[in-house]
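Chain by chain, the residues run as shown.
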Number of protein chains: 2
Amino acid sequence: MNNHAPWFYAAALDESAAAVLLTEEEARHVMAARRLVVGDTVCVTNGRGLVACGVITSASNRPPEVAVSIAEIQKLPPGIPVHLASALPKGDRQKTMLDMATQAGMQIFTPLRCERSIAAPGKNAAERWQRVTIESSKQCRRAWLPEIRPEAALADFLDAQSSGAQLFLASADGVSVSDLPQAAMNQELVILVGPEGGFTSDELILIHGHCRGEVRLAPSVLRTETAAVLGVALLGQLSNRQ
Amino acid sequence: MNNHAPWFYAAALDESAAAVLLTEEEARHVMAARRLVVGDTVCVTNGRGLVACGVITSASNRPPEVAVSIAEIQKLPPGIPVHLASALPKGDRQKTMLDMATQAGMQIFTPLRCERSIAAPGKNAAERWQRVTIESSKQCRRAWLPEIRPEAALADFLDAQSSGAQLFLASADGVSVSDLPQAAMNQELVILVGPEGGFTSDELILIHGHCRGEVRLAPSVLRTETAAVLGVALLGQLSNRQ
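Visitor: Which residues make up the interface of chain B and chain A, and what are the values?
Guide: Chain B puts 33 residues into the contact, and the matching count from chain A is 33 residues. Surface buried jointly by chain B and chain A totals about 2,700 Å² across both partners, of which 53% is contributed by carbon and sulfur atoms. Looking at the side of chain B facing chain A, the largest losses of area belong to Gln103, Arg223 and Gln237 of chain B, adding up to 22% of the total buried there. Along the contact surface separating chain B from chain A lie two salt bridges. Between arginine 223 of chain A and aspartate 99 of chain B there is a salt bridge whose closest N-O contact spans 3.1 Å.

Laid out in structure tokens, this is it:
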């Protein structure tokens, strides 16, 4: 696998393909943003574990289309299932949160509706968020796109958790990540992050009935998006302890 | 100490003061952004450990001035000395890095000049960065402002390290934070973060002569600012292990 070639995204890539076509936004990204031309090497992922590397065989502007002949194709494992379940910060901070959490290893994202929530998913939010996670995945060479789930009310989210998942609460009263119980390989790890102002005491009672521990992410009060990003990174360290 | 009052910054606050005056930017922040009025409770820090809480006794617009009578004053300890020594990302990412690293517990910041550096400190960078760290410190109620040091060439930075400091390299080949050697209380912990494209092999040889371990922050390639923020958070967990 070429370690320096830039990555692109094509949902249509399949295991038996000899070539793959990049269209629209991805093709424009190849030509305009990265200024790549016929003969340059690129990697293409389908966001579900496949990565193909090869060279650009044609590139045209109208409509934007780039063809890549595949020299090598690999299926990569999904890695640690870290699930971020977080209240939404406002505006641009949503993008920062999803971008950095994707880099940090987030595999599932559920926006939580909490009593003190200050933001709800806007129109076309899932689509916008997916674009952010695609860009971040390309940048950090992830072969698995994070899964973006619909917004859930906190109580419904907690009720729907499978017994296999381990929930942790991001909390200033929590312990260091080294003091958390070890996670089994492939076990889903969920980090719960509240809105600015925190979860209410009623919400905390609910959460304590489901969660496996509280983790202290930093010495001081954190903004929602910072807690989300640090929470994903710290839970990712748990599964490294095998 | 009032846990809900907003925090403001006044370098001039001293231990024996009965009142403190907020001027210029801070006073405008009280009145325009937070819309606080005479009688409201606020906390004021000098960024060197002192925090005073009290009520606003006067507020005037021209020039912007807010007086606070002090009801309670505390001196807080500085916490874990986590030092971020990082190549600079470009443009707005510098602000994101310093904002989130401050929340995550960064106490010292040194911008590193590396062979593959893509950005240098712009004009008035130190001043701009200090404004960012002041805003973040207020937001996350930190009584100690991070110290911003001048840019240093990597080799000079490494040579100048005191024997007491422990350096760690952010690296995809590193170990999980739980597998790092424990840190003694109050020992300075330095996280080294390279530019996009990483440190060169010559730089890595230099670094290996000084560093105590390599820490893997996430499963994939990280942008500089993300590595910086996660590095600060993860080293902060080391000192929680006493």
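Visitor: Explain the relation of the copies chain B and chain A to me, using residue names and the numbers behind them.
Guide: You can overlay chain B on chain A at an RMSD of 0.0 Å; the transform is a turn of 180° with a shift of 0.0 Å along its axis. The transformation relating the two chain copies, once decomposed into turn and shift, fits a two-fold axis. Mapped onto chain A, 100% of the interface residues of chain B are again interface residues, and the two copies thus contact each other with one and the same surface.

Visitor: Please set out the packing of helix α2 (residues 92-104) of chain A against helix α6 (residues 224-238) of chain B residue by residue, giving values where relevant.
Guide: Packed helix pairs are specified by the crossing angle of their axes together with the interaxial distance, meaning the distance between the axes. Relative orientation of the contacting elements α2 of chain A and α6 of chain B amounts to 75°, with a least axis distance of 10 Å. By the angle class used here, α2 of chain A and α6 of chain B are roughly perpendicular. On the side of α2 of chain A, the interface is formed by Met100, Gln103 and Ala104 of chain A, while α6 of chain B contributes Glu225, Thr226, Val229 and Leu230 of chain B. For the contact of α2 of chain A with α6 of chain B, a count of residues per class yields four nonpolar, two polar and one charged.

Visitor: Tell me about the side chain of asparagine 46 of chain A, and please be specific about residues and values.
Guide: All names here are of chain A. On the secondary structure map, asparagine 46 appears in the loop between β3 (41-45) and β4 (50-60). In this structure the side chain of asparagine 46 is engaged in a polar contact, spanning 3.1 Å, whose partner is the backbone nitrogen of leucine 50. With residues up to four places along the chain from it excluded, the contact list for asparagine 46 reads Tyr9, Ala10, Ala11 and Leu13.

Calculation criteria
Residues numbered from 1 in each chain as written. Chains lettered and ligands numbered in written order. Predicted model: local features only at pLDDT ≥ 70, side-chain atom pairs only at ≥ 80, totals over all residues. Heavy atoms only, no water. Contact = heavy atoms within 4.5 Å. Buried area = accessible area lost by both parts, 1.4 Å probe. Salt bridge = Lys/Arg side-chain N within 4 Å of Asp/Glu carboxyl O. Least-squares fit on C-alpha atoms with pLDDT ≥ 70 in both. Axes fitted to C-alpha atoms, helices over the stretch in contact; angles between N-to-C directions. Helix = DSSP H or I, 4+ residues; strand = E, 2+ residues; numbered from the N terminus. Parallel < 35°, antiparallel > 145°, perpendicular 65-115°, else oblique. Nonpolar A, V, L, I, M, F, W, Y, C, P; charged D, E, K, R; others polar. Polar contact = N/O pair within 3.5 Å; in protein donor to acceptor, adjacent residues only side chain to side chain.

It is worth stressing that arrangement in space is one thing and function is another; only the former is reported here.
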